[in-house]
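# Survey of secondary and tertiary structure
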Amino acid sequence: MTATTTEPIEPVDPHSSTNHESAQSELGRGWARFKRNKLAFGSLIFMGVLIVVALGAPWLAPMSYTEQDLTGRLLAPLTDGHLLGTDQLGRDVFSRMLYSLRTALMIGFAAELVALLVALVIGLWAGWRGGRTESLLMSFTDVMYAFPTYLFSVLLVVIMGRTVFAIILAIGIAGWVTQARLVRAQVLKIKNFEYVEAARSIGTGGVAITVRHILPNAVGPLLVTTSFAIPGAIIAESGLALLGLGVAPPTPSWGGMIVDGYTYVLAHPHLIAAPLALFSLTVLAFTWIGDGLRDAFDSSEEDSA
Amino acid sequence: MLAYVARRLVRLVLSLIAVSIITFGLLQLVPGSFSDLAEVGSTALGDQTSGDGGGDSLASRYGDQVPAWEQYARFMTGLVQWDMGPTFKYPQSSVEELMGEAFLVSLSLAVPATLLTLLVAIPIGMVAAVKKDKLADYGSIFTLTTIQALPGYLFALVLVLVFSVGLGWLPVRGWAGPEYMVIPVVALAVQPTAMLARYVRSSMLEALRDEYVVAALAKGGSRRTVLVRHVLRNSLIPLVTVVGPIFAALATGTVFVEVLLGIPGLGRLFTLAARTRDMPLLMGTTLFFALILMVMNLIVDLVYGLLDPRIRHQQRTSSRWRRPRRAGLLPASQLVDSRTQGGRDDGGGGSETPSPDVSAADGTEVRR
């Protein structure tokens, strides 16, 4: 579920023709450009490592993330085999950090997938049909803009509870609006191209045109926004945990570790410094990949609606 | 102009009503009714439910026997009269009292943070624009994009680690005096500064390409005069659209910093209400947030129109959905992407546009 959404395998420049060969070479050139960007390419490798660590956390983590040792609370790093010491309940900080990575990546990818699906359905529909559907979407997005996204997420978590599933939905549902607007803008642009007209003139149906012709040509900009939205979702997950509205304990999350560790920050600063460092590196890696993709497949032709 | 303002005000009220209905509707889905909450006795509700039932008590407002629409109507009339009644968690004090106090606290952080942002961001952006394609430009742009990618509360934590834990200069958490304001204000200003500086930079680069700059230089104006008198002035107009949302985001979006540092502001109140499922307080704070943001956006659009006659004209004639592009509430990264991307400002990467200094001097710049 994870790797496919991030690897830059499918972007097609919206200006390239439907001619498959030129699309392929455009893709190849974009990939070459991406590889030349050392920061972005390094980030991609780092993200690969992160995904492997997240998937392999049960085998890689030296200890259990739930097991408490009330006699060994708040141990300093490198004591009793605890690489980063223990937290206020005597749980191994390093292991909890790894499992937090798992939580963050899972929720980040899944929430963005939810947002993307909703955005695609609504954006394609509104862009293609126009008229009342479109103005309804636009007024709805206007209202959603008045809602800060975290506020909406918090309300949804309050309703649905603090399960992983609920939090994925809460972040995803709060985040689809911007992307729906982008999809719509793309559709509006592409739908006037000649090849769409050609398809229509030979009697192709609306759904077929949208899926076969418009969607593939709108992938480029979407890929870029998606790569920026995933770290956004990861930040949102930690933010919710920070407010005490993240995944229910004992499932670890960076936000939860930070807020717990904050109580002891004067005596044990590593309790927040360690998760903070891994958290920042993860978010930055994603962002730099996004930057690289944007530069490589530069398809943003000033089309924000 | 008046018609435009009136139309915008009507839309603002309608949007606010929509937000209130969505919020109220969502809160109806929250598991556990008012009476359940009272029975559990987690709050000070016990005596309220069984109590007199008359007047302003919680049970008469939110009890099981009161239909949902009536609860909603009563709350909304209360909102208009600024008398929203007691909350579940604090039956002794009213929603508006709690919100008023908390808002003052948030405001006392947001105002200095906004000022700090303006003071720091504009010079940084100017320097980056003037030194385009030089090390100072690349360095600052890279730093700024990095800052923007990270969550805002991270900077509060870093500041705490450095100045509270490391140096022991500032308190770790609480709200008891001016020294408690330093870390939150600086932390809150970091991200808006990064955003604004990038705006200043791209806005100035755009202005530098304009013909009147060439003309001013040709007439013998010194570079400094041209920069300050012409370029800066013109490039500040679009910035109005960003400052408004920045302030609004600061006045409302301090949630994480407030919760982390234990500051009794609006964001913390909202979080508290959410955690305790305090319906009236949650309604009140949510609507208040939405109101601030909408009013801020409206003011920005109006000021923008006042500053730029072209836009004023557009406002007069525009259809319902077309209006000046504003920053809105997009997350910072997307915001900057959508507005400054256009192939021009790619975050310090290799840009093909010639240096504005060169193009301004020989005047051969072909506008894109």
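Think of each chain on its own: its residues are numbered from 1, step by step along the sequence as written. Each chain takes a letter, starting from A, and each ligand takes a number, starting from 1, following the order in which they are written. In keeping with the predicted nature of the model, local features appear solely for residues at pLDDT of at least 70, side-chain atom pairs appear and are counted solely at 80 or more, and the whole-chain, interface and lining totals rest on all residues. Where side-chain values are given, they derive from all heavy atoms of the structure, hydrogens and water being excluded.

Let us now look at the overall build of chain B. The numbering of helices and of strands both runs from the N terminus, where a helix is a DSSP run of H or I of at least 4 residues and a strand a run of E of at least 2. Per the secondary structure count, chain B includes 18 helices and zero strands. In chain B, which comprises 368 residues, the share counted as buried stands at 52%. Every residue pair with non-hydrogen atoms within 4.5 Å of one another is taken to be in contact. When contacts within chain B are restricted to residue pairs at least 6 apart in sequence, long-range pairs at least 24 apart make up 72% of them. Summed over its atoms, the accessible surface of chain B is roughly 16,300 Å², and 64% of this surface lies on carbon and sulfur atoms. Note on exposure labels: buried denotes an accessible area under 20% of the residue type's maximum, exposed denotes more than 50%, and partly exposed covers the range between, all computed with a 1.4 Å probe on protein chains only. We get accessible surface area from the Shrake-Rupley algorithm with a probe of 1.4 Å; when it comes to residues, only the shown protein chains can shield them.

The subject of this paragraph is the overall build of chain A. Each helix and strand counted, chain A has twelve helices and zero strands in total. In chain A, the succession of α and β elements from N to C terminus is α-α-α-α-α-α-α-α-α-α-α-α. Buried residues in chain A amount to 57% of all 305 residues. Nonlocal contacts in chain A, meaning residues at least 24 apart in sequence, comprise 71% of its contacts between residues at least 6 apart. With an accessible surface of roughly 12,600 Å², chain A has 65% of that area assigned to carbon and sulfur atoms.

Residues and elements named next belong to chain B. Patch membership requires more than 30% relative accessible area and the absence of a salt bridge. Residues of like charge join within 9 Å; the nonpolar side chains Val, Leu, Ile, Met, Phe, Trp and Tyr join within 5 Å. Whenever a carboxyl oxygen of Asp or Glu lies within 4 Å of a side-chain nitrogen of Lys or Arg, that contact is scored as a salt bridge. On the surface, a nonpolar cluster with roughly 430 Å² of combined accessible area is contributed by L116, L119, V120, I124, V182 and V186. The set of elements that each furnish at least two residues to the nonpolar patch consists of α6 (95-130) and α9 (182-208). Broken down by element, the residue count for the nonpolar patch peaks at four residues, all from α6. Positionally, V186 belongs in helix α9.

Moving on, we get to helix α9 (residues 194-201) of chain A. All names here are of chain A. By the burial criterion, the buried members of α9 are Y195, V196 and A199. Looking straight down α9, one finds that the buried residues subtend no more than 105 degrees of arc, so they occupy a single side. Across from the buried face of α9, at angles greater than 90 degrees, the exposed residues are E194, E197 and S201. Looking at the buried positions of α9, the neighbouring elements they touch are α5 (93-129), α8 (164-190) and α10 (206-242). G203 sits one or two positions beyond α9 and adopts a positive phi of about 90 degrees. Read the arc as the range of directions from the helix axis to the C-beta atoms.

Turning to the environment of A:Y195, a few remarks are in order. Within the fold, A:Y195 resides in helix α9. In the structure, A:Y195 is positioned 18 residues away from A:H213 in sequence and 8.2 Å away in space, judged by C-alpha atoms.

The next thing to look at is the packing of aromatic side chains. Here is the rule: rings of Phe, Tyr and Trp (six-membered ring for Trp) pair when centre to centre is within 6.5 Å. Planes less than 30 degrees apart are stacked, more than 60 are edge-to-face, and the remainder are tilted. On inspection of all chains with the given rule, the structure shows seven aromatic pairs over all chains. Aromatic side chains A:W254 and A:F279 sit 5.4 Å apart centroid to centroid with 40 degrees between the ring planes, which places their arrangement in the tilted category. One end of the pair, A:W254, is in helix α11 (residues 254-262); the other, A:F279, is in helix α12 (residues 270-296), with 25 residues separating them in the sequence. A:F279 carries the same exposure label as A:W254, and that label is buried. Centre to centre, the rings of B:F103 and B:F288 are 4.9 Å apart; their planes meet at 90 degrees, and the pair counts as edge-to-face. Separated by 185 residues along the polypeptide, B:F103 in helix α6 and B:F288 in helix α15 (residues 279-307) bring together distant segments of the chain.

Judged by nonpolar contacts, the single largest core of 163 residues is most densely connected at A:L105, A:I234 and A:W254. Considering each element in turn, this core owes the most residues, 15 residues, to α9(B). In contact with A:W254, not counting residues within four places along its chain, are A:M97, A:S100, A:L101, A:A104, A:I234, A:S238, A:P275, A:L278, A:F279 and A:T282. Put simply, a nonpolar core is a bunch of buried Ala, Val, Leu, Ile, Met, Phe, Trp, Tyr and Cys residues held in one set by side-chain atoms that sit within 4.5 Å of each other. Judged by nonpolar contacts, the second largest core, of 15 residues, contains A:W128, A:V187, A:Y195 and A:I214.

Let us look at the pattern of salt bridges. Residue and element names in this part refer to chain A. This structure, assessed with the given rule, holds one salt bridge over all chains. Between R294 and D291 there is a salt bridge, with its nearest N and O atoms 3.5 Å apart. You can see R294 and its partner D291 sitting in helix α12, three residues apart, about one turn around the helix.

This paragraph deals with the confidence of the model for chain A. Regions with low pLDDT should not have their predicted coordinates read in detail. Mean pLDDT over chain A: 77, with 82% of residues reaching 70 or higher. What pLDDT expresses is the predictor's confidence in each residue, scored from 0 to 100. Overall, residues 1-8 of chain A carries pLDDT values under 50, and its contacts beyond four positions in sequence, including any with other chains, amount to 15 contacts.

Our focus in this paragraph is the environment of A:G292. Residue and element names in this part refer to chain A. Positionally, G292 belongs in helix α12. For G292, a relative accessible area of 2% puts it in the buried group. Remark: the alpha-carbon pair of G292 and W31, spanning 261 residues in sequence, is separated by 9.8 Å.

Residue and element names in this part refer to chain A. Note on geometry: axes are lines fitted to C-alpha atoms, helical ones only across the stretch in contact, with angles between N-to-C directions running from 0 to 180 degrees. Relative to each other, α10 and α12 sit at 165 degrees, their axes nearing to 8 Å. By the angle between their directions, the pair α10 and α12 is classed as roughly antiparallel. The element α10 and its partner α12 pack so that their crossing is left-handed. On α12, the residues touching L223, V224, S227, F228, I230, P231, I234, I235 and S238 of α10 are F279, T282, V283, F286, T287, G290, D291, L293 and R294. These descriptions rest on fixed angle ranges, namely under 35 degrees for roughly parallel, over 145 for roughly antiparallel, 65 to 115 for roughly perpendicular, and the rest for oblique. Handedness of a crossing follows from how the near helix is turned relative to the far one, being left-handed for an anticlockwise turn of less than a right angle and right-handed for a clockwise one.

The subject of this paragraph is a positive patch on the surface. Counted charges follow a simple rule, with Lys and Arg positive, Asp and Glu negative, and His plus the chain ends left uncounted. Charge positions are represented by NZ for Lys, CZ for Arg, CG for Asp and CD for Glu. A cluster of basic side chains, namely A:R162, B:R173, B:R268 and B:R275, defines a positive patch on the protein surface. Relative to the helices and strands, B:R268 resides in helix α14 (residues 266-275).

Next up on the list: α9(B). Residues and elements named next belong to chain B. In this model α9 runs 37 Å from its N-terminal to its C-terminal C-alpha over 27 residues, within 8% of the 39 Å that 1.5 Å per residue would give. Of all the bends in α9, the largest measures some 30 degrees and sits at V190, one to four residues before the proline P192. Of all 27 residues making up α9, 23 are buried, and the element is well covered by its neighbours. To estimate how far a helix should extend, the number of its residues minus one is multiplied by 1.5 Å. The angle separating two fitted axes, one through the seven residues that finish at a residue and one through the seven that start at it, defines the bend at that residue.

Next up on the list: the packing of α12(A) against helix α8 (residues 153-166) of chain B. Contact pair α12(A) / α8(B): the axes reach a minimum separation of 11 Å and the direction vectors enclose 140 degrees. When the interaxial angle is binned, α12(A) and α8(B) end up oblique. Pair α12(A) / α8(B) crosses with left-handed handedness. Residues A:I272, A:A273, A:L276, A:F279 and A:S280 of α12(A) touch α8(B), and the partners they reach there are B:Y153, B:L154, B:L157, B:V158 and B:L161. Any residue outside Ala, Val, Leu, Ile, Met, Phe, Trp, Tyr, Cys, Pro, Asp, Glu, Lys and Arg is labelled polar, Gly included; the first ten of those are nonpolar and the last four are charged. When its residues are assigned to classes, the contact of α12(A) with α8(B) shows nine nonpolar, one polar and no charged.

Glancing now at the side chain of B:T114. Residue and element names in this part refer to chain B. Looking at the secondary structure, you find T114 in helix α6. Taking the relative accessible area as the measure of exposure, T114 reaches 10% and is therefore buried. Excluding residues that lie within four positions of it along the chain, T114 makes contacts with F247 and L250.

Moving on to the confidence of the model for chain B. Residues and elements named next belong to chain B. Per-residue confidence for chain B averages 70 on the pLDDT scale, and 71% of its residues sit at or above 70. Long-range and interchain partners of residues 41-55, a stretch whose pLDDT sits below 50, account for 21 contacts in this model, where long-range means more than four residues apart. The low-confidence segment residues 318-368 (pLDDT under 50) makes 103 contacts with residues lying over four places distant or belonging to another chain. Per the prediction output, this complex has pTM 0.75; the corresponding ipTM is 0.72.

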